Amino acid sequence: MRKNIVAGNWKMNNDLPETEALISDLLKQKQTSNAEVIIAPTAVNLYQAFNATRNSNIEVVAQNMHFAENGAYTGEISAAMLKSVGVNTVIIGHSERRAYFNETDDLLAKKVDTALKNDLRVIFCFGEELNDRKSGNHETVVENQIKNALFHREASAFKNIILAYEPVWAIGTGETASPEQAQDMHKYIRQTLNTKYGKEVSQDMTILYGGSVKPANAKEIFSKPDVDGGLIGGAALKAEDFYAIINAF
Ligand code: PEP
């Protein structure tokens, strides 16, 4: 079912004491919207974060996982390991993983399959680069990213997938897609889903926007009919800002 979600991607920030301090600050905030609240701390702190948020409505999710079930993949983390520390959702395909760790659509398709097989919900990220937008190819790029990593799946799989449109040029740059640009792309994504899977899948799909969302711009972005929430980087590292965004609904 389509939901309002605000997810904070902490990236490679916050050691254990900082993670505990930020969660303690988050737990002091007042939520006035009905948005689902998600935080994605670094993997080493997932267990502590899970325990610290146990009696709250904050869900702790992972930023990444490997596609293999287990084995000789030094330094990697499996879906079963995530499940064993209380994680039920994983972010897959963040643009930083695509750019710095060479994650391709084929690799991401495998990760999506492994996550779903292990009953993990997937937040699947994608988005065009600045030159794609400048050359007018942004819709084609985004459509291909979605098709290549997700369209081998059956319609029912989409119940456990959340989409996050994150134009690369707007991530961590202070530059935000205008609410109209976000709406246009989200509408296009929903149409693409509709063409392949029909109305139910496309209307039920939660599509988040990510890219320099802040307390000052969240309300306008979230007011767009096809924007169901946000994936937040920088502004998720301050409890007051994060909750101002959550309460922008
Ligand atoms: C992100 O990393 O997913 C993100 C949207 O970052 P920021 O909000 O800092 O642009």
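Residue positions within a chain follow its written sequence, with the count starting from 1. Per-residue local features are limited, in this predicted model, to residues with pLDDT of at least 70; the limit for side-chain atom pairs, both in listing and counting, is 80 or more; totals at the level of whole chains, interfaces and linings are taken over all residues. To obtain the side-chain values, all non-hydrogen atoms of the structure were used and water was disregarded.

Engineer: Would you explain the site of the ligand in this entry?
Structural biologist: Proximity criterion: a residue is near a molecule or strand once any of its heavy atoms comes within 4 Å of it. Within the structure, the ligand sits among 14 residues, and Lys11, Glu166, Gly172, Ser212 and Gly233 are positioned closest to it. Identification of polar contacts relies on pairs of N or O atoms within 3.5 Å, with a donor-acceptor requirement for protein atoms, meaning one able to donate a hydrogen and the other able to accept it, and with residues adjacent in sequence counted only if both atoms are side-chain atoms. Glu166 is positioned such that a nitrogen or oxygen atom in its side chain is 2.6 Å from an oxygen atom of the ligand. Areas reported here follow the Shrake-Rupley algorithm with a probe of radius 1.4 Å; residue values treat only the protein chains shown as occluding. When the ligand sits alone it has 290 Å² of accessible area, and the protein chains cover 95% of it.

Engineer: Which parts of the structure should I look at to understand helix α8 (residues 179-197)?
Structural biologist: Spacing of three or four residues puts side chains on the same side of an α-helix, whose turn is 3.6 residues. Numbering of helices and strands starts at the N terminus; helices are DSSP runs of H or I of at least 4 residues and strands are runs of E of at least 2. An expected span of 1.5 Å times one less than the residue number is assigned to each helix. Taking 1.5 Å per residue as the helical rise, α8 with its 19 residues ought to reach 27 Å, and the 26 Å between its terminal C-alpha atoms agrees with that figure. Positive phi appears at Gly198, one or two residues downstream of α8, with a value of about 95°.

Engineer: Got a minute to help me understand the side chain of Asp228 in this structure?
Structural biologist: Positionally, Asp228 belongs in the loop between α10 (215-222) and β8 (229-232). Burial classification: accessible surface area is computed with a 1.4 Å probe over protein chains only, and a residue below 20% of its type maximum counts as buried, one above 50% as exposed, and the rest as partly exposed. Under the relative-accessibility criterion, Asp228 is labelled buried at 4%. Among all residues touching Asp228, those that are not within four sequence positions of it are Arg2, Lys3, Asn4, Ile5, Arg190, Met205, Thr206, Ile207, Leu208 and Phe249. Pairs of residues are marked as contacts when any of their non-hydrogen atoms sit within 4.5 Å.

Engineer: How should the nonpolar core be read in this particular structure?
Structural biologist: Grouped burial of nonpolar side chains is what soluble globular proteins tend to show. Counting residues in hydrophobic clusters, the biggest one holds 64 residues, and the most contacted among them are Phe124, Leu150, Leu163, Ile189 and Phe242. Ranked by the residues each element gives to this core, the list is headed by α8, at 6 residues. Setting aside residues up to four positions removed in sequence, Phe124 forms contacts with Ile92, Arg98, Leu108, Val112, Gln145, Ala149, Leu150, Ile161, Ile162, Leu163 and Ala164. Take the buried residues of types Ala, Val, Leu, Ile, Met, Phe, Trp, Tyr and Cys, join any two whose side-chain atoms come within 4.5 Å, and each joined set is a nonpolar core. Of all hydrophobic cores here, the second largest spans 12 residues; its members include Ile5, Ile162, Ala164 and Leu208.

Engineer: Teacher, can you tell me more about the environment of Asp113 here?
Structural biologist: Position of Asp113 among the secondary structure elements: in helix α5 (residues 105-117). For the pair Asp113 and Arg153, spaced 40 residues apart in the sequence, the C-alpha separation amounts to 8.3 Å.

Engineer: Can you help me understand the pattern of salt bridges in this one?
Structural biologist: Side-chain pairs of opposite charge can arise whenever the charged atoms involved come near each other. Basic side-chain nitrogens of Lys or Arg form a salt bridge, by our definition, when they fall within 4 Å of a carboxyl oxygen of Asp or Glu. Enumeration over the complete set of coordinates arrives at 18 salt bridges. The closest approach of N and O atoms between Arg98 and Asp105, which form a salt bridge, is 3.2 Å. On the basis of relative accessibility, which here comes to 18%, the residue Asp105 falls in the buried class. Among the ionic pairs, Arg133 bridges to Glu128, the shortest N-O distance being 2.8 Å. Of the two residues examined, Arg133 and Glu128, each falls in the buried class. Shared partners join several salt bridges into a network, and the residues in it are Arg2, Arg190, Asp226 and Asp228.

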